[in-house]
Amino acid sequence: MRLEGWGRFPRYDARVSAPRSEKDIRDHLAAGTVIARGNGRAYGDSAINTGNTLSMRHFNRMLAFDPETGQLTVEAGVLLADVIKAFLPRGRFPSVTPGTKFVTIGGMIAADVHGKNHHKHGSFGSFVDWIDVLGADGEIERCSRNERLDLFEWTVGGMGLTGVILRAAFRLRPVATGWIKQNMIPAPDLDAAMEAFEKAQDATYSVAWIDCLSTGSALGRSLVMLGEHAELIDLPADKRSAPYTIPNKRKRSVPFDVPSFALNSMTVRAFNALYYRNGARNAGDSLVDWDSYFYPLDAILGWNRIYGRKGFAQFQCALPLNSSKAGLQELLRATSKAGQGFLGVLKRFGAQDSRFSFPMEGYTLTLDFPINRKTLALMDQLDRITIEHGGRFYLAKDSRMTAETLRQSDSRTQKFVQMRDASGSRTRFASEQSKRLEL
Ligand SMILES: Cc1cc2nc3c(=O)[nH]c(=O)nc-3n(C[C@H](O)[C@H](O)[C@H](O)COP(=O)(O)OP(=O)(O)OC[C@H]3O[C@@H](n4cnc5c(N)ncnc54)[C@H](O)[C@@H]3O)c2cc1C
C-alpha cells in the first residue's frame, strides 16, 4: 500500500503486515528485514520499510496499573490518547507528552519524545521502567536500568532499529484536575523570548510560538507560554465537582489538499502579525483545558493537508546552550530572508545524557515547510548553520537529510552503527530512513 509519514513526504509503495502475536513477528523477521510502525506520526520515513512494515496496531492492550506508583504496563501499540482517556479520570496524566496524543507508546519510546517540560523532567525515557524487546535473534529480552542496560539505553531513542518493542511499563504523574494555568508572555524579539525561558526554569511547562518570518528588530518575536497543572482551588466553583471533565469540542477537519499558492510569504507574514498581536492582547494568566493546552493541532483532523499535495517537512534542530543565540539568529535570518516557513516553535531543553536521543541542553527550533525546490534548498542551508553551531537533528521529524549531515552533526552515530552490527540488528531491522542515513 501507499505509505507516508505525517509530513506526507516521501511516499512509498510498501508491504504492510499487521502481526497479531509474537510468533507472527518472529515469522516476519525470519523472512526478511522489517521495521515496526506505531501510528505513523513521525514526519518522514522512519516507520516505513518498503519490504515489510510491521503495523503494531493489534498490540493495543493495557495490561496492569499500580495506583500507588502510577506505573502503567501496556502493549506497545496502545495510543497515548487512550491512556489519557482511561487514566485522567483517575487523576493521572502522562509524565511527558509530545504535541499530539495520536502516538503509540512504542513510538514514544523509540523516538524518546520530549514535551514542554523537558527542561525540568527530561524526555519520555526518564519515566520508562522497563521494555520488552523482540531482537534480531527472535528472542524477547526485558531491559531496564537494572537488566540489559545497554539494550534499554539504545532502544530509548533508537527509532525501532534495535528491535520490536512489545510491551513497556512507564509512570504517569498525579494531577488534581484536567486544567492548566497558562501564563502567556509576549516577547518582541529573540532576546526577550530567551530571557523569558531562562527566567522560567522553575515552570513545569514552557514553549513558544515563534514568528519565523519577522525581520530586523522583531526577529524571533514570540509568544512564550508557561503552564502549571491547576489544583482544585484554582478552578471556578462550577468546575470543581468534575475537575477532570473538559468541554466537548467540535472537531474540524481539512477536507482537501490546500493549493500550494495559499501559503505564501505574504499570507504567512500577515497571519503571523495577527497571531502575535492577538497573543499580546491576551497576555497574562488564563485557565486552559488539557486538550487545548497540549494538543491544539489535534483539534483539526488532517491538518497536514494544508501544505498541499506534495506534503511538507518539519525541520527540527537542537543547539547547545552556549551557541543557541547565535545559531537561532542565523537560522531565523535565513528563513525570513527566504520568505519560507510556516509554523515555528521554540523550546528550552534541559540537560540530557543519552545514547542516541535527540535532546541536548540548549534550545530546539521547529519550522514547517511545504515541499518545493526552494524550501529543500533552504533546509540544506539550515542544516549547515545548525552544524556550524554544534547542533543536531531530530530523527522523528527528519525526511530528507543526508547520511553525511547526520554524521557531521552527531558524533554518536558511529557507535550506534557499531552496536547495530554487533547485535545483528542491522540485517534485521531497517527503515527507509535508516537506509538513507546509513544507520
Ligand atoms: C502534530 C505532531 C506534534 C508532535 N510533537 C512532538 C513533540 O512535541 N515532541 C516530540 O518528541 N515529538 C513530537 N512529534 C513526533 C512524534 O511524537 C514521534 O514521531 C512519535 O515517534 C510518533 O509515534 P508513532 O506511534 O506515530 O510512531 P511512528 O511514527 O509509527 O514511528 C516512529 C518511530 O518509532 C518506531 N516504532 C514505533 N513503534 C515501535 C515499536 N513497537 N517497536 C519499535 N519501534 C517502534 C518506528 O520504527 C519509527 O522509527 C509530533 C508529531 C506530530 C504529528
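Residues numbered from 1 in each chain as written. Predicted model: local features only at pLDDT ≥ 70, side-chain atom pairs only at ≥ 80, totals over all residues. Heavy atoms only, no water.

Undergrad: I'm lost on the overall build of the chain in this one. Help?
TA: Counting its secondary structure elements, the chain contains 13 helices and 21 strands. Here the chain has a C-alpha radius of gyration of 21 Å; the compact-globule value for 439 residues is 22 Å, and the two agree. If one aligns the C-alpha atoms of the chain with their principal axes, the spans along those axes are about 60 × 55 × 45 Å. Looking at the 439 residues of the chain, the share that counts as buried comes to 56%. With the model as given, the accessible surface of the chain reaches about 18,500 Å², and the carbon-plus-sulfur share is 51%. Put simply, the chain has 58 plus and 47 minus side-chain charges, and the middle of one group is 6 Å from the middle of the other. (Helix = DSSP H or I, 4+ residues; strand = E, 2+ residues; numbered from the N terminus. Rg over C-alpha atoms; globule rule 2.2 N^0.38 Å. Buried < 20%, exposed > 50% of the residue type's maximum accessible area, 1.4 Å probe, protein only. Areas by Shrake-Rupley, 256 points an atom, 1.4 Å probe, with all protein chains shown as cover. Lys, Arg positive; Asp, Glu negative; His and termini not counted. Charge placed at Lys NZ, Arg CZ, Asp CG, Glu CD.)

Undergrad: Would you mind showing me how to read the site of the ligand here?
TA: Close to the ligand lie 34 residues; Ala36, Gly38, Arg41, Thr104 and Tyr394 are nearest. A distance of 2.7 Å separates an oxygen atom of the ligand from a polar atom in the backbone of Ala42. For the ligand, an oxygen atom lies 2.9 Å from a polar atom in the backbone of Gly107. Protein coverage of the free-state accessible area of the ligand, which is 970 Å², stands at 95%. In the shell around the ligand, the residues fall into 19 nonpolar, 12 polar and 3 charged. (Near = heavy atom within 4 Å. Polar contact = N/O pair within 3.5 Å; in protein donor to acceptor, adjacent residues only side chain to side chain. Nonpolar A, V, L, I, M, F, W, Y, C, P; charged D, E, K, R; others polar.)

Undergrad: I'm lost on the sheet that holds strand β4 (residues 35-37) in this one. Help?
TA: Hydrogen bonds between backbone atoms are what pair the strands of a sheet, whose relative direction is either parallel or antiparallel. Pairing is parallel in the open sheet, where 3 strands are placed in the order β3-β5-β4. The sheet is open, and its two borders are formed by β3 (16-17) and β4, each paired with just one other strand. Note that β4 and strand β5 (residues 53-55) share 3 bridges and pair parallel. Within the sheet, the bridge partner assigned to Ala36 lies in β5 and is Leu54. (Pairing = 2+ DSSP bridges.)

Undergrad: I would appreciate a short explanation of unusual backbone geometry in the present structure.
TA: In terms of backbone geometry, most residues other than glycine have negative phi values and most peptide bonds are trans. Omega for the peptide link from Phe9 to Pro10 comes to -10°, which places this bond in the cis form. Counting through the fold element by element, Pro10 comes out in the loop between β1 (2-4) and β2 (11-13). In this structure, Met159 takes a positive phi of about 55° despite not being glycine. Topologically, Met159 is positioned in the loop between α5 (149-155) and β11 (164-174). Under the relative-accessibility criterion, Met159 is labelled buried at 10%.

Undergrad: Just to check I follow, could you spell out the sheet that holds strand β21 (residues 392-393) for this structure?
TA: Strand order in the open sheet formed by 8 strands is β16-β12-β14-β13-β19-β20-β18-β21, and the pairing between neighbours is antiparallel. Unpaired on one side and paired on the other, β16 (284-289) and β21 mark the two borders of the sheet. The pairing of strand β13 (residues 205-210) with strand β14 (residues 222-229) spans 6 bridges and is antiparallel. Bridge pairing in β14 places Ile210 opposite Ser222. Its contacts with the sheet put helix α7 (residues 265-281) on β12 (179-187), β13 and β14, and the angle it makes with β14 is roughly 45°. Sitting on the sheet, helix α9 (residues 321-338) touches β13, β18 (312-320), β19 (344-349) and β20 (362-370), and the angle it makes with β18 is about 150°. (Contact = heavy atoms within 4.5 Å. Axes fitted to C-alpha atoms, helices over the stretch in contact; angles between N-to-C directions.)

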